[in-house]
Amino acid sequence: MQRPARGSADELILAPPVAAAPRARGLAWHRVNRVQERLLGYALIAPVALLIVVLIAYPFLNAIWLSLTEKIVGYPAHFVGFKNYAALWESARFRIVAWNSVVYTVGSIGAKVVIGLAMAAALQKAVRGNQLLRGFLLLPWVIPTVVIALTWRWLLDLYRGLVNVGLHDLGVISAGIHWLGNPDLAMLSVIMANVWRGFPFFGVSFLAAMQTVPQDLYDAASVDGASAWQQFWRISLPSIKGVVAIVTLLSTIWTLNDFNIVYIMTRGGPGAATHIFATYSYELGIQSQRWGMAMAASMYSLPVIAFLIVFVVRYLHPEEPSS
Amino acid sequence: MSGAPRRIFTIVLILVLAGALAPARAADVKLTLWRLKTYIPPADKILDTTIQDCSKKIGAEVQIQTYTFDDMWTKYTAAIESKTLPDVAELDAVGPARLANLGRLSDVSDLVGTVVKELGELAPNAEGAVKFGGKFYAVPHYAIPLILFYRKDLVEKVGAQPPDTWEAINDISIKIKKAGLQDFPQGFPWNRTGDGYDPAMSLLWSYGAAWVDKSGKYVGMPKDKALQALKVVTPAYLADKTAALDYLSWSGSGNNEAFMAGKITFTPNGPSILFQEDSTKHPLRKDTAIKLMPRGPAGRNLALTFVMNWGVPVDGKQQKEARALVSCIMSKDKFTAYMTGSFQQAVPFFKNLINDDYWNNPDGKIIAETVKLGRPVGWPGPTTPAAAEVISSNVLTDMMTRVIVDKVTPEKAIEEADKRIKEIYERLPVK
Amino acid sequence: MSSRAFRWLVVGGLLVLVAVPLYWILNTSFKTGRQILMSEAIYVPRPFTIENYLYLFEETRFATWLRNSTVVAVASTLISLAIGSAGAYALTRLRFPGRRTFGALVLITYLVPPGLMFIPLYRTFIQIGYSNSLGTLILAYPTFLVPFVTWLLMGFFRSIPRELEEAALVDGATRLQTLRRIVLPLAAPGLLAAGLFCFTLSWNEFLYALIFIADDSLRTLPVGLSEFVVSDFAFWGQLMAAAALASAPVVIVYIYLHKYMVSGLTAGAVKG
């Protein structure tokens, strides 16, 4: 049996078991061994299973249930069917939230992919100091997101932030730019903070992936006269497409339900210009005390994620049916 | 680390954690008290000292937890659901209404009676937040009024008088901008903090645009009056450009900082700016003046949204001690000490204290006056859970930002807000 | 553009991009409140002061937050590594019915990130009767750490030749023994990478820490930090000092161990 392709979804989920050659011992030993193996298997996944059932599946089902109720803090929940979903669907504000979430996610992910690829391409050649560079560039991902959000807010302060002051001193602008007040710029600002925080993960993963591409492929291409660009597009990129897909998928899921950055930088403002699913859900749940509605709002992001997962799986294995 | 040592390490760690997480309980009475972390740290210190002194007096041990205006409801929401409200809870203007409606607060009418005996009559406008069905469910503590801060030097420079109306504020702002003194002098942030929804209520009520009647029942937002009100404050952002869009994203500290950095002329805030300027010997202190918030055609109906009250939740098992604690904190000496150490932040509701000499100075008079004129959330009716939700859902400030940011017509924004308010009152009917 | 120029451009650009905010954090942290407020001496603190750092330890509960974050991060990491490596081993090396489905299930749990789960998960903890404690966080964090750890280690275990284990098994060792003596040591880089990842995510987590914990004394760093700005006066100087100190432990760990992070990601995500 062939091993699944590197970085493929199959490899992600499960490699088909490589059949071990039967041992020379008796059949009885073999059978006992099988049972033992099975028991050990179950024992080892029991903790994961327990975690998933009690702390992920149960709350998730709870979330679905809550979204179908009118649950206000302090009062018991009562069933209302799809009323919350309908109300949100008709709410102009929620449509803005949904759109913002898409813009925020697509904008951030797009930028992170591009920067990640550029970073990987630039650091690919093993040069002295690469290690140090990589380590330094990993810092944004390491620093607490709260710190990053607060710092960016401070950087973009209208009157005293480094960005406005610096641009002013350089003579680029005469008046402060409303980074957090202008609705479009505010979205750009939160995307910038998200990208700053997230690009190292992309860059390092892509770099790691590229470094497993055999050097002879590149050598052969050089001999054939391919430029560095062409080598990148024709060799590096296709080889790592699996990793690109996986990293993008993971990051998209995280970004679509990101909370910290937007909450701390703008609280979803000005107006609702940067409100995304997670911050809106928080506002509904904590400020308005409406948990049912808050859950319904969050649930709207699920179809997108599910679609993405299916899409990525299909993309990586177009001929095979999705697992 | 391979298998066995790591496993042992993990087990040891878990045991250590278990030890750390499960403190042994001593025998004497333990109370928990939640209080607001105010903008004036020295005042907080006095309150903490008072609480500790009182706890010794009644023979209990008090654990104080703090919250800020921003995370108050995060904490209280969690506690309501998990039935772990503290023994003594400092609540804001809407807390008693919400909790009493859930049946989670004890009747403290007797406590209020005791306090009144020592501190004098309770101001009638304080009752709306704490008295329901003839009973008191929280003991009013103090109010932080929102006052209008302005730069009197700049106002004088453009030859104007300190403004008494919203229109006047607009006019002076335009003059200041024209004179090149400041780019965006008008710092009214219609945001999701008290600096936003408090002026929003004051504005609407001063134009006669209240949406309930005296009993607190929803009657609809008077569209024409609301329109008038909106049309007075949105030009600053839209047409006159005397307010910067960034102000809408301010957190609670944004306007303080902008004012003290000399970037704005007008801003609504509690007395903390005075404290901050005094404590840092700020150069602008001499130019900083305060005034009552502006009036409108329907008079001066100022909102009292920063009102702190002491509630005794029914969750607590030590009702007697909790009440004794509150009683002690509100005793004459202790409260006077707190009030006079609060840098004019803590304006009391009880007659003897409000007539105290402490308020007998130019700034103090204005601050005290604001509280006397203050209307409870839910005016002209009492504070109800529905009224509470109107604020916590930011309906009013959203109305403003819909016009300013989303460029929706004021009529449509009012329509939307009214619809939202109606829906809230349907969901949380007034009894 | 030559590839050399490209390299310099990208690297230079990224260096500036990363360095500027970091410089701004440090810069602000050494300024007095007055400098910050009045925008005096923007680029270099003048006067230079360490009063903000001192303030953190004298007037705030910074040390407590630090302790709490450390306890939660270390415990969550150890638990997630233990659970995740056990699961990963079972899913890659052992045969038992249902393992394919289970493997897919682990991946699907990614569908439910914290931004969505904070209310229902909180309700679950309330129902269990265990909320408002560091232990609550230690139980909650693995919900988003374990799926990743499992996936990463699955890739890692697969890259370890089966023959080594088979040989040991033939020689009479049990599965558990081979796991302990052969597989885990070889997977050490992967474990380290996964551990770093867990530690980082736990250290930085904000939403659960905000909602699940009510006691001041149990606050973690991210929640404590956010306190600095929500009051009526933002203490940017102290906040930036706190930010610098809050980042320092993780940064130091990474300085020494980041190459394992990369090689861990390499093998885990990439190798067949």
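Quick caveat, the model's predicted, so the values are computed rather than measured.

K.L.:
Explain the overall build of chain A to me, please; I cannot follow it from the model alone.
P.N.:
Counting its regular elements, chain A contains 16 helices and two strands. Here chain A, with 323 residues, has 53% of them falling under the buried criterion.

K.L.:
Would you take a moment to explain helix α15 (residues 291–299) of chain A for this structure?
P.N.:
It helps to recall that an α-helix has 3.6 residues per turn; residues three or four apart then point in one direction. Summarising burial for α15(A): nine of the nine residues are buried, a large majority. Among the residues making up α15(A), those that are buried are Trp291(A), Gly292(A), Met293(A), Ala294(A), Met295(A), Ala296(A), Ala297(A), Ser298(A) and Met299(A).

K.L.:
Would you mind going over unusual backbone geometry with me for this structure?
P.N.:
When glycine is set aside, most residues are seen to have a negative phi, and most peptide bonds are trans. Backbone torsion omega between Trp379(B) and Pro380(B) reads 5 degrees, so that peptide bond is classified as cis. Mapped onto the fold, Pro380(B) is located in the loop between β13 (374–375) and α17 (385–392). Cis peptide bonds are those with omega within 30 degrees of zero, and the linkage from Arg46(C) to Pro47(C) qualifies with 5 degrees. With respect to the helices and strands, the residue Pro47(C) is situated in the loop between α2 (33–37) and α3 (51–59). Of note, Lys241(B) is a non-glycine position whose phi angle comes to about 55 degrees, a positive value. Checked against the element boundaries, Lys241(B) lands in the loop between α10 (223–233) and α11 (254–260).

K.L.:
What is the right way to read the sheet that holds strand β1 (residues 29–36) of chain B from this model?
P.N.:
Pairing between the strands of a sheet comes from backbone hydrogen bonds, and it takes one of two forms, parallel or antiparallel. Residue and element names in this part refer to chain B. One open sheet accounts for six strands, arranged β2-β1-β3-β11-β6-β12; its pairing is mixed. The open sheet has two edge strands with one neighbour each: β2 (60–67) and β12 (347–348). Pairing geometry for β1 and strand β3 (residues 88–91), over two bridges, is parallel. Its bridge partner lying in β3, Trp34 is registered against Ala89. Across the sheet, helix α13 (residues 319–329) is in contact with β1, β2, β3, β6 (139–143) and β11 (307–311); its angle to β1 comes to roughly 45 degrees.

K.L.:
In this structure, what is going on with the nonpolar core? I would like to understand it.
P.N.:
For soluble globular proteins, nonpolar side chains are generally found buried alongside one another. Met119(A), Phe206(A), Leu204(B), Val326(B), Leu225(C) and Ala243(C) are the most contacted members of the largest nonpolar core, which totals 320 residues. Ignoring sequence-local partners within four residues, the contact set of Val326(B) consists of Val88(B), Leu111(B), Val139(B), Trp310(B) and Val312(B).

K.L.:
Please clarify how the packing of helix α4 (residues 62–93) of chain C against helix α8 (residues 142–158) of chain C should be interpreted in this entry.
P.N.:
Packed helices, taken two at a time, are described by their axes: the angle between them and the distance between them. Residues and elements named next belong to chain C. α8 packs onto α4 with a crossing angle of 45 degrees between their chain directions and a minimal axis gap of 7 Å. The angle between α4 and α8 falls in the class oblique. Note that α4 runs across α8; the crossing there is right-handed. Along the lines of polarity and charge, the residues of the contact of α4 with α8 split into 13 nonpolar, seven polar and two charged.

K.L.:
Explain the pairing of β3(B) here, please?
P.N.:
The side chains of a regular strand alternate between both faces of the sheet. Residues and elements named next belong to chain B. Side chains Val88 and Glu90 project from β3 onto one buried face, and the interleaved Ala89 and Leu91 project onto a second face that is buried too. In terms of strand pairing, β3 meets β11 through three bridges, oriented antiparallel. Along β11, the bridge assignment pairs Leu91 with Asn309.

K.L.:
Hey, could you run me through the domain arrangement of chain B in this one?
P.N.:
By a frequent convention, interface size equals the accessible area lost on bringing the separate parts together. Residue and element names in this part refer to chain B. The domains assigned to chain B are domain 1 (27–144 + 305–368) and domain 2 (147–303 + 393–427). For domain 1 and domain 2, the distance between their C-alpha centres works out to 29 Å. Facing 12 residues of domain 1, the contacting portion of domain 2 comprises 15 residues. Taken together, the residues that form the side of domain 1 that touches domain 2 break down as eight nonpolar, three polar and one charged.

K.L.:
Just to check I follow, could you spell out the interface of chain B and chain C for this structure?
P.N.:
Taken residue by residue, the interface counts 31 residues in chain B and 31 residues in chain C. Counting residues per element, the ones that place at least two in the side of chain B that touches chain C are α1 (3–21), β2, α3 (72–82), α11 and α12 (272–279) of chain B. Ranked by the residues each element gives to the side of chain B that touches chain C, the list is headed by α3(B), at six residues. When the residues that make up the side of chain B that touches chain C are grouped by side-chain class, the tally is eight nonpolar, 17 polar and six charged.

Scoring rules and cut-offs
Residues numbered from 1 in each chain as written. Chains lettered and ligands numbered in written order. Predicted model: local features only at pLDDT ≥ 70, side-chain atom pairs only at ≥ 80, totals over all residues. Helix = DSSP H or I, 4+ residues; strand = E, 2+ residues; numbered from the N terminus. Buried ≥ 20, exposed ≤ 12 C-beta atoms within 10 Å, placed from the backbone. Pairing = 2+ DSSP bridges. Contact = placed C-beta atoms within 7 Å. Axes fitted to C-alpha atoms, helices over the stretch in contact; angles between N-to-C directions. Core = buried A, V, L, I, M, F, W, Y, C linked by C-beta atoms within 7 Å. Parallel < 35°, antiparallel > 145°, perpendicular 65-115°, else oblique. Left-handed = near helix turned anticlockwise from the far one by under 90°. Nonpolar A, V, L, I, M, F, W, Y, C, P; charged D, E, K, R; others polar. Domains from an automatic or database assignment.

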